[in-house]
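Chain residues, written in single-letter form:
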Amino acid sequence: MDATSQTIPGEEIEEPAVSKPWLVSLLDLIRQQPLGAAGAFIVIIMVFLAVFANLVAPFDPIVNDYGSMHIPPDGTHWLGTDQFGRDVLSRLIYGARTALVVGFVSAFIGATAGLVLGVSSAYFGGLFDLIFQRVMDVFMAFPLIILALAVVSIFGTGVENLIIAITIPFIPRCARVVRSSALSIREIPYVDAARALGFSHRRIILRHMVPNVMAPYLIMITAFVGQAILLEASLTFLGLGVQEPTPAWGLMLQGGAEEYAESAPWMAIFPGLAISLAVFGFNLFGDALRDVLDPKLRSQ
Amino acid sequence: MYQYIVKRLLLVIPTLFGAAVLVFLLLRLIPGDICDMRLAGEGGLVDEETLNTCRAVMGIDKSLWLQFVDFIWGFIRFDLGISMWTGQPISYEIGLRFHLSLQVAIMATVASIIIAIPLGTISAIKQNTWIDYFVRAFSIAGIAIPSFWLGIIIILGLLITTQYFSGTPWMPPIQFKPIWEDPMHNLSQLLWPAIATGYRYSAVATRMTRSTLLEVLREDYVRTARAKGLLEKVIINRHALKNAMLPVVTVIGIEFAFLMGGLVVTEQVFNLNGLGKLFVESVDHHDFTLTQALVMVVVTIFVFTNLIVDIFYAWLDPRIRYS
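Residues numbered from 1 in each chain as written. Chains lettered and ligands numbered in written order. Predicted model: local features only at pLDDT ≥ 70, side-chain atom pairs only at ≥ 80, totals over all residues.

Student: I keep staring at the overall build of chain B and nothing clicks. Help me out?
Tutor: Scanning chain B from terminus to terminus reveals 13 helices and zero strands. For chain B, the succession of helices and strands along the chain, N to C, is α-α-α-α-α-α-α-α-α-α-α-α-α. Its C-alpha atoms give chain B principal-axis dimensions of about 85 × 65 × 35 Å. When the 323 residues of chain B are sorted by exposure, 37% land in the buried category. (Helix = DSSP H or I, 4+ residues; strand = E, 2+ residues; numbered from the N terminus. Buried ≥ 20, exposed ≤ 12 C-beta atoms within 10 Å, placed from the backbone.)

What follows is the structure, encoded as structure tokens:
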């Protein structure tokens, strides 16, 4: 999976603001949504580091160097080295790539599947809707981490399976939200008009209803990216996600960080900061996005 | 109202049944079973016959249908069965750890209330000032910071500060003692995980307090109270906050149900022998009966908490009953 191709959903979102000269609208945005702008800033930096990891990272993130184990942060190793002599900063930068790939892919697939299912459920209504809702209830009743844990134990560990494990719990969460917006759209006359014109169900759902629930969909995606990064880190920390030697933030906390917490605290501190900052950035950005796209929710 | 409750209660059945089907099938899809784990776990070779006797003892040689019927029949009678790994009744295994998890969950909820309500209130009163931005950033950070990392940092902080002040590093005790036997020991063990999880759960409640309070402060009766010349303190405490509390209490209630499942990671970090750890172990051991039972317990708690919240809401707001 290529990290660059996955940055599109995040970038797209900023477009609507640009109509005045870009610098002016940028300053407007910062003044109106200072927290959102800060979030966008963090997200952009993270995407940049992930895409250009091979150019930015000072060391190889995978090769062990037993001559330089547990070096505290200094001039060469800015954030120190781990128990295998690997540079913590370089592993963090490459870890951003893993986190973003998992985050974007699972958020995108999960939200899109939820979008299609949610709109279909609202459109068809009746028995289909009733059964579908009960199935969603079942998935919603499962705590997220427990569902992910079960999926990982079936399919095994590794990045692809981790993505599956994280995607599945997202689907009902998005479907539920999208369904409730789609229910009101179904009542609008243009849907009747489209039906009267004899369009197929598929066409009405995809061309007439889906574009009108884009706001909740985009909001869900940004919220999911943050959650996915956190979930990826948690599952990896439990030993159920990404495996060595792939650089991943959760793995850096698992692999000895606890054991060496006292003698080499940098190993435990920096990966956690990276996770927190990334999720923080996406959440701030998502909040601001919700304010802009959905005025009804503005007070929340 | 009576009709509404009956309708909602009936909806619980398909959800619980669906969850049972889901967990049952998921577990049967996991490659390997408890006999492989126990007998061939260390890489030793075992002949087919021994494995088959073991499977017969565990009851996993029966057809899937029979196993499923057994599981559901047991669940209906509140008989959770016997753990395949330890051979003890599951209710006993859960009972051993329930106290610890419940106590951490309650303490975490209390911690989150103590953090959320004052912060949310200040944030709403000082809307769009730097205090508001700070509180919002603080609460979003609560969602962003992984609780397991916060746990590691808390342990690290304890080690370093105690080392600095007393010369010997101090760690929270490992052995669990009920609070009525040794309150100091108990609290010094469970306070830290409660803070680590509580901070995380306070985030949602803080945001809820802020947003509902902002709505309430725009209501006419608040304007009337202001016009009467009441003290701002009285307006906030007596008039606004009381009316803003309902959604906040709901959120806290729902989170409490989630907490039981959400403790999985925290218990791992603090090395607590609670339900979350039991769950991870049961998955590791392929202890189907135990995993099934634990999932069903968590799902049942969750479904019924939701039900209570819904009924409570319907009771307060008649519009919901008829929709």
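What follows continues from the structure just given.
Student: I keep staring at the overall build of chain A and nothing clicks. Help me out?
Tutor: Across its full length, chain A holds 13 helices and zero strands. From first element to last, N terminus to C terminus, chain A shows the α and β order α-α-α-α-α-α-α-α-α-α-α-α-α. Across chain A, every contact between residues at least 6 apart in sequence was considered, and the portion connecting residues at least 24 apart equals 73%. (Contact = placed C-beta atoms within 7 Å.)

Student: Explain the interface of chain B and chain A here, please?
Tutor: Many analyses report the size of an interface as the accessible area lost when the parts associate. Taken together, the 40 residues of chain B in the interface contact 36 residues of chain A. Among the elements of the structure, α1 (2–29), α6 (130–144), α7 (147–166), α8 (183–217), α10 (232–269), α11 (275–284) and α12 (288–316) of chain B are those that each provide at least two residues to the side of chain B that touches chain A.

Student: Explain the environment of Ala108 of chain B here, please?
Tutor: Residue and element names in this part refer to chain B. Along the chain, Ala108 falls in helix α5 (residues 90–125). For Ala108, a count of 28 C-beta atoms within 10 Å translates into the label buried. With 86 residues separating them in the primary sequence, Ala108 and Ala194 have C-alpha atoms 4.3 Å apart. With residues up to four places along the chain from it excluded, the contact list for Ala108 reads Ala194, Thr197, Gly198, Tyr201 and Leu259.

Student: How do you make sense of the confidence of the model for chain A when you look at a structure like this?
Tutor: Keep in mind that low pLDDT regions are not for reading the predicted coordinates in detail. Looking at chain A as a whole, the pLDDT averages 80, with 88% of positions reaching at least 70. Confidence drops under a pLDDT of 50 for residues 1–15 of chain A, and excluding neighbours within four residues, the segment shows 22 contacts in the predicted structure. (pLDDT = per-residue confidence, 0-100.)

Student: I keep staring at helix α11 (residues 214–237) of chain A and nothing clicks. Help me out?
Tutor: Side chains of residues three or four places apart in an α-helix project in the same direction, reflecting 3.6 residues per turn. With 24 residues, α11 of chain A should reach 34 Å at 1.5 Å per residue; the first-to-last C-alpha distance of 34 Å fits that figure. Immediately downstream of α11 of chain A, the backbone of Gly239 of chain A shows phi near 85 degrees, a positive value. (Expected span 1.5 Å × (residues − 1).)

Student: What am I meant to see in the confidence of the model for chain B here?
Tutor: Summing up the model confidence of chain B, the mean pLDDT is 81 and the portion of residues at 70 or higher is 93%. For this predicted complex, the interface confidence score (ipTM) comes to 0.78, while the overall pTM stands at 0.81.

Student: What is the right way to read unusual backbone geometry from this model?
Tutor: Backbone phi values are negative for most residues with the exception of glycine, while trans is the configuration of most peptide bonds. All names here are of chain B. In this model, Asn128 sits at a positive phi of 60 degrees, which is unusual for a non-glycine residue. Along the chain, the position of Asn128 falls in the loop between α5 and α6. Asn128 sits in the exposed class, given 9 other C-beta atoms within 10 Å. Of note in this structure, Asn271 is not a glycine but carries a positive phi near 55 degrees. Structurally, Asn271 can be placed in the loop between α10 and α11. For Asn271, a count of 15 C-beta atoms within 10 Å puts it in the partly exposed group.

Student: Looking at this structure, how should I read α7 of chain B?
Tutor: All names here are of chain B. In this model α7 runs 28 Å from its N-terminal to its C-terminal C-alpha over 20 residues, within 8% of the 28 Å that 1.5 Å per residue would give. Where α7 is concerned, the buried positions are Ser147, Phe148, Trp149, Leu150, Gly151, Ile152 and Ile155. Directly after α7, the chain includes Gly167, whose backbone phi takes a positive value near 90 degrees.

Student: Is there a simple way to think about the environment of Val283 of chain B in this case?
Tutor: Looking at the secondary structure, you find Val283 of chain B in helix α11. Excluding its chain neighbours within four sequence positions, the residues that come into contact with Val283 of chain B are Leu149 and Ser153 of chain A together with Thr291 of chain B.

Student: Where do I start with the nonpolar core in this structure?
Tutor: It is characteristic of soluble globular proteins that their nonpolar side chains tend to be buried jointly. Grouped together as the largest cluster of nonpolar side chains are 171 residues, with contacts concentrated most on Ala111, Val119 and Ala148 of chain A together with Val299 of chain B. With 19 residues, the top contributor of residues to this core is helix α5 (residues 88–124) of chain A. With residues near it in sequence (within four places) discarded, Val119 of chain A still touches Val178, Ala182, Ile205, Met209, Val210 and Val213 of chain A. (Core = buried A, V, L, I, M, F, W, Y, C linked by C-beta atoms within 7 Å.)

Student: Where do I start with the environment of Gly87 of chain B in this structure?
Tutor: Residue and element names in this part refer to chain B. On the secondary structure map, Gly87 appears in the loop between α4 (64–76) and α5. Among the residues examined, Gly87 registers 7 C-beta atoms within 10 Å and is labelled exposed. A C-alpha to C-alpha distance of 41 Å links Gly87 and Ala203, two positions 116 residues apart in sequence.

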